[in-house]
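Descriptive structure summary
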There are 2 protein chains.
Amino acid sequence: MPVPGEERALNAEAIQRIAPCSGHAIELRAGDQLVVIDPLGQQVSDLTAFSLEDRVEYLSSGRSIDYASKLWLSTGDVLYSNRSRPMFTILEDTCGRHDFTLTPCSKRMFELLYGETEGRPGCEGNLAAALAPYGIDVDRIPVAFNIFMNVSVDGSTGAVAVLPPLSQAGDFIRLRAEMPMVVAMTACSAGQSNNFSYKPIDFRIERAS
Amino acid sequence: MPVPGEERALNAEAIQRIAPCSGHAIELRAGDQLVVIDPLGQQVSDLTAFSLEDRVEYLSSGRSIDYASKLWLSTGDVLYSNRSRPMFTILEDTCGRHDFTLTPCSKRMFELLYGETEGRPGCEGNLAAALAPYGIDVDRIPVAFNIFMNVSVDGSTGAVAVLPPLSQAGDFIRLRAEMPMVVAMTACSAGQSNNFSYKPIDFRIERAS
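So, here is what we can say about the structure in this document. As the structure is a computational prediction, the values presented were derived from the model and not from experiment.

Within the largest apolar cluster, 96 residues are counted, with the highest numbers of intra-cluster contacts made by Leu-34, Phe-88 and Val-183 of chain A together with Leu-34, Phe-88 and Val-183 of chain B. Among all residues touching Val-183 of chain A, those that are not within four sequence positions of it are His-24, Ala-25, Ile-26, Leu-28, Leu-34, Leu-47, Thr-48, Ala-49 and Phe-88 of chain A.

This is the structure in C-alpha cells:
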C-alpha cells in the first residue's frame, strides 16, 4: 500500500510468519519500513529495538510517552530511544490501540500472576533468545512496544486491565525505521493478552534500497 | 513514626536535604527504610535503584505496574526489579500520587518539549552523576519512580498531562528496602513537574541494624 508522501518505491520482501509463542529478530536500515500484521485477529506482538551502531541505545517507553504526551501511540507518532533520538515513525495503523507500559510476559510473571509452573519463556525469553546473537541478554529487555495489546486505564484510580486486543484479522501497523536497528518481535505467549488464542504474527519488510 | 507490625526499632539517621535541581545516591540494605519528604510542597523526586549484588538488576516500571495492575502505586504496593524481585515495599504514603511512566527530565527533553538551550542536566543527568561512582552511566537510567509527580491519564484517549504535584509541605513516602541497593534520588529540575517552584527534597534513612 503506498504511503502518502513516499516518492521512492520500496522493495517489499515476502511476508514472514512468527509462530505462536515465539520470537524473531530482524535488521532494519534507516528508511526501511516494517509492517506488523495480525493475520487472524486478537493477537499481540511485543516489539523492542536496539541501535546497531551502539547497542546501549534502545527503544524507550518513557521517552516516547513523554514526547507524545499520550500512552497510546498511533499514526504520526514517533517512538524514541533512551537517547531521545527517533527510532520509528508510525506511518499507518489500522488497529489504533497498542500498549507501551508493561514489560513482556515472562516465566516469572506467569508464576506470580497466574500460578503457572510450566516454565514457559514468555515474550521476554523469546525476545532475549532472538537478540542473543547481538549480545543482548534477558536483563536488557525493557518495557516493549506491545503492538495490538489492549490495556485499559481508569483515569480516576490508575487501575489497568489487560483486555482482548481490538485487532481484527488483517489489521497492521506500518513503522518506518529512523536509524539502523536490530528489532525483535514476538507472537505473544500470555493468554490474557491475546484472549487465550495464542495465534501467530506476520510481518513484511519493505527495503528502502 | 512507628510502622504497624514493625517490632524492631530502626536507627533513624538525620534528615538530609537534596538541593534544588540536584541528585544524590545512597546505599540501603534489606530492611532499611527510606523516607522521602517534600519539605515545602509541590516538589517531585525521581528515584531509581540498582541491586548492589548485580547492577544489571534495576527498578522496573513495567514489572511494578504489571504486578500491581495499576499505574499509581501507594501504601502496600511493591516495586519490582527487571528480574521480578521485590526492591521496595511502600509502607506509608501521605500524598498518594506518584508517576511511574515517564523517563526523568533531561537536557534533550528540555530542548524538545520546552525549547530550552541552557544545557541543564535535568534529573537524568543528576541521577547519572550520582550513580557514576557505581559504574552506572546515563544510558542506563530507566523510567524512574517519580515521587509526588502528578501525571493525569485520560482513560478514553490515553492523553497524559503533567500537573502540579498534590503533595503539601511535609508529605512523605516511606519505602522499605527488600534487597541491598544503591538508590539515587533528585529534587526535580522540570518546571512543569514541580509547578515551576524548583524546591529541595528531604530524606531520612532508618537503618535496620
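Moving on to the environment of His-24 of chain B. Residues and elements named next belong to chain B. With respect to the secondary-structure elements, His-24 resides in strand 3 (residues 22-28). Spatially, the C-alpha atoms of His-24 and Ala-187 are 9.0 Å apart, while their sequence positions differ by 163 residues. What His-24 contacts, discounting residues up to four positions off in sequence, is Gln-16, Ile-18, Ala-130, Val-183, Ala-184, Met-185 and Phe-203.

The next thing to look at is unusual backbone geometry. Residues and elements named next belong to chain B. Although it is not a glycine, Cys-21 adopts a positive phi angle of roughly 55°. Relative accessible area serves as the criterion here: at 29%, Cys-21 is assigned to the partly exposed category. Here the phi dihedral of Asn-195 falls at roughly 55°; this positive angle occurs in a residue that is not glycine. If you trace the backbone, Asn-195 turns up in the loop between strand 12 (181-187) and strand 13 (201-207). Taking the relative accessible area as the measure of exposure, Asn-195 reaches 35% and is therefore partly exposed.

Residue-level contacts link 39 residues of chain A with 39 residues of chain B. For the pairing of chain A and chain B, the buried interface totals around 3,100 Å² over both sides, and the portion due to carbon and sulfur atoms is 54%. Considering only the side of chain A, the residues that lose the most area to chain B are Arg-63, Asp-66 and Asp-139 of chain A, jointly responsible for 18% of the buried surface there. Counting the contacts that link chain A with chain B gives four salt bridges. Here Arg-63 of chain A ties to Glu-124 of chain B by a salt bridge, and the two come within 2.1 Å at their closest N and O atoms.

What counts and what doesn't
- Residues numbered from 1 in each chain as written.
- Chains lettered and ligands numbered in written order.
- Predicted model: local features only at pLDDT ≥ 70, side-chain atom pairs only at ≥ 80, totals over all residues.
- Heavy atoms only, no water.
- Core = buried A, V, L, I, M, F, W, Y, C linked by side-chain atoms within 4.5 Å.
- Buried < 20%, exposed > 50% of the residue type's maximum accessible area, 1.4 Å probe, protein only.
- Contact = heavy atoms within 4.5 Å.
- Helix = DSSP H or I, 4+ residues; strand = E, 2+ residues; numbered from the N terminus.
- Buried area = accessible area lost by both parts, 1.4 Å probe.
- Salt bridge = Lys/Arg side-chain N within 4 Å of Asp/Glu carboxyl O.

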